[in-house]
Amino acid sequence: MLAGWIVFICILPSILYLSGINLGYTGNVHELFEIQTYTSNPPGDIHTEYTKWEFVHSSLELIAFCTAIFTAILALIYFHITKNIFIPVISIVLLFSGFLDIFHILVAEQIIEGDVDNQVFLPLTWTIGRLISAMIMGFGFLILGNLSHKIKSLKIVVIASVFFGFLAYLIIHFSVNNTYLSKMIYSDLLISRPFDIAPIIVYLIVGGFVYRYNSHNSPSYFSTAILISIIPYIVAQIHMAFGSTQLYDSHYNIAHFLKIIAYLIPLFGLLVDYVDTSEHEKIQTRKAEEARGLIKESQNIFSHEFRTPLTIILGNIPLLSDPNDMPDPEEINDIARDIESSGRHLLNIIDDLLDIAKIEAGEMRFFPQFISTQVMIQNMLSEVKVIADEKKLQIESNVENIRIYADPTHLKQILYNLLSNAIKFTDRGKITVNVYQEESMVVFEVMDSGRGIPKIDQEVIFEKFRQVDSSSTRQEEGTGLGLVISKKLVELHGGKISVESELGKGSKLMFMIPVEFHETEIS
């Protein structure tokens, strides 16, 4: 899509030119120079026309230079984020071209002294600049593309900047002080600027290097943009080689406009890379902050879950340690029940941690067999009825008698986690269990009339150690692992689990698994 727009932008100036719109100087430069030689006051309209397009050329070169400068600065900022040396070095190549552009303007405008013929000097520095920058870019992709992950120092960027800047100066210095420069423009030939054929060939070769690099690596927006920028580079060279017959004519100005487009495309790619990387950094920072918060939450949870039963056990054992001062038999029974309950609670925590470890290591074993849903639910409700009766909660069930092929132990574990959660967070009302079949899936629903779950917390209750209330002063016990284990076991059965809840009105946790078990890997 982007390449299509670039192609359109590249051919648009040609369309305008062929439509008769004047995009450059239409007079004869040689005649103008002859007039200037024999008279100090050439005709105003001729001189004004030439000066206007000379100014346009200088403006285009200044825009190109500013674009190259901005790209190089952004590349250095990007380097501090990614430590990838590849992008800033390639950006310095663009800056080298920018230096050549600005240096030859300074000479052409006589800001830097030099006795040069602009008809030779400007085309020569254009050709040399395009040729060398293309070659350096090709070597950059060929060599640095494979070494960028090994080089983390900014020294190479500084060295490259100094080297390329000095190289640009040497080229301009040589061109200014060399009185034997070759003629560059042959207006009577089909190829009016034959030396500009060489950069076209080099750009095609560089395009192959860039394409090879992108096809063997995960291409960044910047490297893709470099590949696309070769399109306006080549089109610009075609305008120069086959169209431009003198300075500042339409083809000459079109080529300079396309050069700006070729500079802007990598800048745009680098900006997208920078924004994308910055967003990624923000996401990673947020995840790190969430991880730190989760660690703190898990510390609170385990501090509470381990400390409370251990305190009960260790606090009661001394009461039974002195044979000469034993409590009453009834009190001994209470102490024994407390110790047993606390021990079972610790055992359940350890079992949950072991289950999570097995699941995540891919070592959870399954032994499926045929099960009657009615028989299984009836047994499950009998087990949890004692807990529900303590809170005076009703339990209702609507269960279709379905013959399902699944692991009974894990299926009971899932249901027990959902039922115990429903009872734990319901103070009054009832718990309802529904089981029915939808095509090849069996649906299990556990509904309660409890507190409900806030919308924001519904997304995290299936994450490890996450609870609606994870503070050290929370009222309900639990590690927050039950729903995590349930979700993973459901997924290993080839099913999925979800929650619907309204604050103050209750919750519905639903999971569905295939009628016939097929163990599935989970991510």
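Residues numbered from 1 in each chain as written. Predicted model: local features only at pLDDT ≥ 70, side-chain atom pairs only at ≥ 80, totals over all residues. Heavy atoms only, no water.

**Looking at the pattern of salt bridges**
As a working rule, side chains carrying opposite charge can pair if their charged atoms are close by.
Part 1: A complete count under the given rule lists twelve salt bridges for this structure.
Part 2: Here Lys 282 makes a salt bridge to Glu 279, at a shortest N to O gap of 3.8 Å. In this pair, Lys 282 and Glu 279 both sit in helix H9 (residues 250-316), three residues apart, roughly one turn of the helix.
Part 3: A single network of salt bridges, built from pairs that share partners, joins Lys 391, Asp 427 and Arg 451. (Salt bridge = Lys/Arg side-chain N within 4 Å of Asp/Glu carboxyl O. Helix = DSSP H or I, 4+ residues; strand = E, 2+ residues; numbered from the N terminus.)

**Things to note about the packing of helix H11 (residues 373-390) against helix H12 (residues 408-424)**
Helix packing geometry: the angle between the two helix axes and the distance between the axes.
Part 1: Packing of H11 against H12 brings their axes to within 10 Å, and their N-to-C directions diverge by 35°. At the point where H11 passes H12, the crossing takes the right-handed sense. Contact residues: Met 376, Ile 377, Met 380, Leu 381, Val 384, Ile 387 and Ala 388 in H11; Leu 411, Lys 412, Leu 415, Tyr 416, Leu 419 and Ile 423 in H12.
Part 2: Its residues placed into classes, the contact of H11 with H12 shows twelve nonpolar, no polar and one charged. (Axes fitted to C-alpha atoms, helices over the stretch in contact; angles between N-to-C directions. Left-handed = near helix turned anticlockwise from the far one by under 90°. Contact = heavy atoms within 4.5 Å. Nonpolar A, V, L, I, M, F, W, Y, C, P; charged D, E, K, R; others polar.)

**Quick word on unusual backbone geometry**
Part 1: One non-glycine residue, Lys 392, adopts positive backbone phi at about 60°.
Part 2: Here Lys 392 is to be found in the loop between H11 and strand S2 (394-399).
Part 3: A positive phi is found at Glu 439, a non-glycine position, where the angle reads about 55°.
Part 4: Among the secondary structure elements, Glu 439 is positioned in the loop between strand S4 (430-438) and strand S5 (441-448).

**Quick look at the confidence of the model for the protein chain**
Part 1: Mean pLDDT for the protein chain: 79, with 79% of residues reaching 70 or above.
Part 2: Across the protein chain, the element-wise mean pLDDT spans from 52 in helix H2 (residues 29-38) up to 93 in S5.
Part 3: Of the regions scoring below 50 in pLDDT, residues 34-39 engages in five contacts with residues more than four places distant in sequence or in other chains.
Part 4: For the stretch residues 470-475, pLDDT sits under 50, and the model shows 13 contacts to residues farther than four places along the chain or on other chains. (pLDDT = per-residue confidence, 0-100.)

**Let's talk about the packing of H12 against helix H14 (residues 482-492)**
Part 1: One way to put it is that H12 packs onto H14 with a least axis distance of 9 Å and a crossing angle of 145°. For H12 against H14, the interelement crossing comes out left-handed. Within the contact between the two elements, H12 uses His 410, Gln 413, Ile 414, Asn 417, Leu 418 and Asn 421 and H14 uses Gly 482, Leu 483, Ile 485, Ser 486, Leu 489 and Val 490.

**A look at the sheet that holds strand S7 (residues 506-514)**
Part 1: Across the sheet, five strands lie side by side as S2-S4-S5-S7-S6; this open sheet has mixed pairing. Each of the sheet's edge strands pairs with one partner strand only, and the pair in question is S2 and strand S6 (496-502). Taking the axes of each pair of neighbouring strands and ignoring which way they run, one obtains an average angle of 15° across the sheet.
Part 2: Taken together, the eight bridges between S5 and S7 define a ladder with antiparallel strand orientation. Each bridged residue has a counterpart across the sheet, and for Met 447 the counterpart in S7 is Lys 508. (Pairing = 2+ DSSP bridges.)

**Describing a nonpolar patch on the surface**
Part 1: Taken together, the side chains of Trp 5, Val 7, Phe 8, Ile 11, Leu 12, Ile 15, Leu 16 and Ile 21 make up a nonpolar region of the molecular surface, amounting to roughly 680 Å² of accessible area.
Part 2: Residue position: Phe 8 is located in helix H1 (residues 2-18). (Patch = residues over 30% accessible without salt bridge, like charges linked within 9 Å, V, L, I, M, F, W, Y side chains within 5 Å. Areas by Shrake-Rupley, 256 points an atom, 1.4 Å probe, with all protein chains shown as cover.)

**Remarks on H11**
Part 1: For H11, spanning 18 residues, the distance from its first C-alpha to its last is 26 Å, which sits close to the expected 26 Å at 1.5 Å a residue.
Part 2: The axis of H11 is deflected most strongly, by about 40°, at Val 384.
Part 3: Looking only at H11, the buried set comprises Thr 373, Met 376, Ile 377, Met 380, Leu 381, Val 384 and Ala 388.
Part 4: Against the buried residues of H11 lie strand S1 (369-372), S2, strand S3 (403-406), H12, S4 and S5.
Part 5: In the stretch just after H11, Lys 392 is the one whose phi turns positive, near 60°. (Expected span 1.5 Å × (residues − 1). Bend = angle between axes of the 7 residues up to and from the residue. Buried < 20%, exposed > 50% of the residue type's maximum accessible area, 1.4 Å probe, protein only.)

**Things to note about the environment of Glu 445**
Part 1: Mapped onto the fold, Glu 445 is located in strand S5.
Part 2: Using a relative accessible area of 8% as the deciding quantity, one classes Glu 445 as buried.
Part 3: Sequence separation between Glu 445 and Met 512 is 67 residues, and the spatial gap between their C-alpha atoms is 8.7 Å.
Part 4: Apart from residues no more than four positions distant in its own chain, Glu 445 is found in contact with Thr 432, Val 433, Asn 434, Tyr 436, Lys 508, Leu 509 and Met 510.
Part 5: For Glu 445, the side chain forms a polar contact with the side chain of Tyr 436, separated by 2.8 Å. (Polar contact = N/O pair within 3.5 Å; in protein donor to acceptor, adjacent residues only side chain to side chain.)

**Overview of the nonpolar core**
Part 1: In terms of nonpolar packing, the biggest core is built from 46 residues, with Leu 411, Phe 444 and Phe 511 touching the most fellow members.
Part 2: Broken down by element, this core gets its largest block of residues, seven residues, from H12.
Part 3: Setting aside residues up to four positions removed in sequence, Phe 511 forms contacts with Leu 411, Ile 414, Leu 415, Leu 418, Val 442, Val 443, Phe 444, Val 490, Lys 496 and Ile 497.
Part 4: In terms of nonpolar packing, the next biggest core, distinct from the first, is built from 33 residues, Ile 87, Ile 92, Tyr 213 and Leu 267 among them. (Core = buried A, V, L, I, M, F, W, Y, C linked by side-chain atoms within 4.5 Å.)

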